[in-house]
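Listed below, chain by chain, are the residues.
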Amino acid sequence: MRPFAHAAMLGCAVLAPLASGCSAVVEQRVEAGLAEAGLPAAMASCMAEIWADDLSVDQIREISQFADAVREDDRTLTVGSLIGHVSEWNDPEALGVVTSSAARCALS
């Protein structure tokens, strides 16, 4: 994850009760990271909107690190690889959010 994105998410986590714009910052960073890693822009935008509300900063950070690694390996991030990665965490909440957002966004 880029240092600015990490700092923005960390700042939002700490200041969330004080700043209403943090969700938008997180959403923008997630969307950009997913799109840069290869997800179609519409899918990245739709999923980022849901994740900013439903996932913790730590969960988003873990997904972001995976997306960065995929991009750095010159691979393309797919919904299937993303779901597979999250399923390895033993985090039912994150898996539920990622799979349900993928389904909702695919139907949008």
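Our subject is the structure that appears above.
Fair warning: this is a prediction, and the values are worked out from it, not measured in the lab. (Residues numbered from 1 in each chain as written. Predicted model: local features only at pLDDT ≥ 70, side-chain atom pairs only at ≥ 80, totals over all residues. Heavy atoms only, no water.)

Quick notes on the nonpolar core
Counting 26 residues, the largest nonpolar core has L34, M47, W51, L77 and L82 as the members making the most contacts within it. For this core, the elements supplying multiple residues, two or more each, are α2 (22-37), α3 (41-54), α4 (57-72), α5 (79-87) and α6 (92-106). Of all the elements, α3 adds the most residues to this core, at 7 residues. Discounting residues that sit within four places of it in the chain, W51 has contacts with V30, L34, I60, I63, L82, V97, V98 and S101. (Core = buried A, V, L, I, M, F, W, Y, C linked by side-chain atoms within 4.5 Å. Buried < 20%, exposed > 50% of the residue type's maximum accessible area, 1.4 Å probe, protein only. Helix = DSSP H or I, 4+ residues; strand = E, 2+ residues; numbered from the N terminus. Contact = heavy atoms within 4.5 Å.)

Remarks on a negative patch on the surface
Taken together, the side chains of E49, D53, D54 and E93 present a region of like negative charge at the surface. With 3 residues, the single largest contributor to the negative patch is α3. In this fold, E93 is placed in helix α6. Given the relative accessible area of 49%, E93 is considered partly exposed. (Patch = residues over 30% accessible without salt bridge, like charges linked within 9 Å, V, L, I, M, F, W, Y side chains within 5 Å. Areas by Shrake-Rupley, 256 points an atom, 1.4 Å probe, with all protein chains shown as cover. Salt bridge = Lys/Arg side-chain N within 4 Å of Asp/Glu carboxyl O. Lys, Arg positive; Asp, Glu negative; His and termini not counted. Charge placed at Lys NZ, Arg CZ, Asp CG, Glu CD.)

Some remarks on the state of the cysteines
Applying the stated criterion to the full structure yields 1 disulfide. Between the sulfur of C46 and that of C105 lies a disulfide, 2.1 Å long from S to S. Where C46 bonds to C105 through sulfur, the torsion about that S-S bond is close to -85 degrees, and the disulfide is left-handed. Taken as a pair, C46 in helix α3 and C105 in helix α6 lie far apart in primary sequence, 59 residues in all. (Disulfide = S-S within 2.5 Å.)

Some points on the packing of α4 against α5
It is the contact of α4 with α5, at a shortest axis distance of 11 Å, that shows an interaxial angle of 130 degrees. By the criterion of interaxial angle, the relationship of α4 to α5 is oblique. When you trace α4 past α5, the crossing you get is right-handed. Where α4 abuts α5, its residues E62, I63 and F66 lie against S81, L82, H85 and V86. Of the residues contributing to the contact of α4 with α5, the split by class is 4 nonpolar, 2 polar and 1 charged. (Axes fitted to C-alpha atoms, helices over the stretch in contact; angles between N-to-C directions. Parallel < 35°, antiparallel > 145°, perpendicular 65-115°, else oblique. Left-handed = near helix turned anticlockwise from the far one by under 90°. Nonpolar A, V, L, I, M, F, W, Y, C, P; charged D, E, K, R; others polar.)

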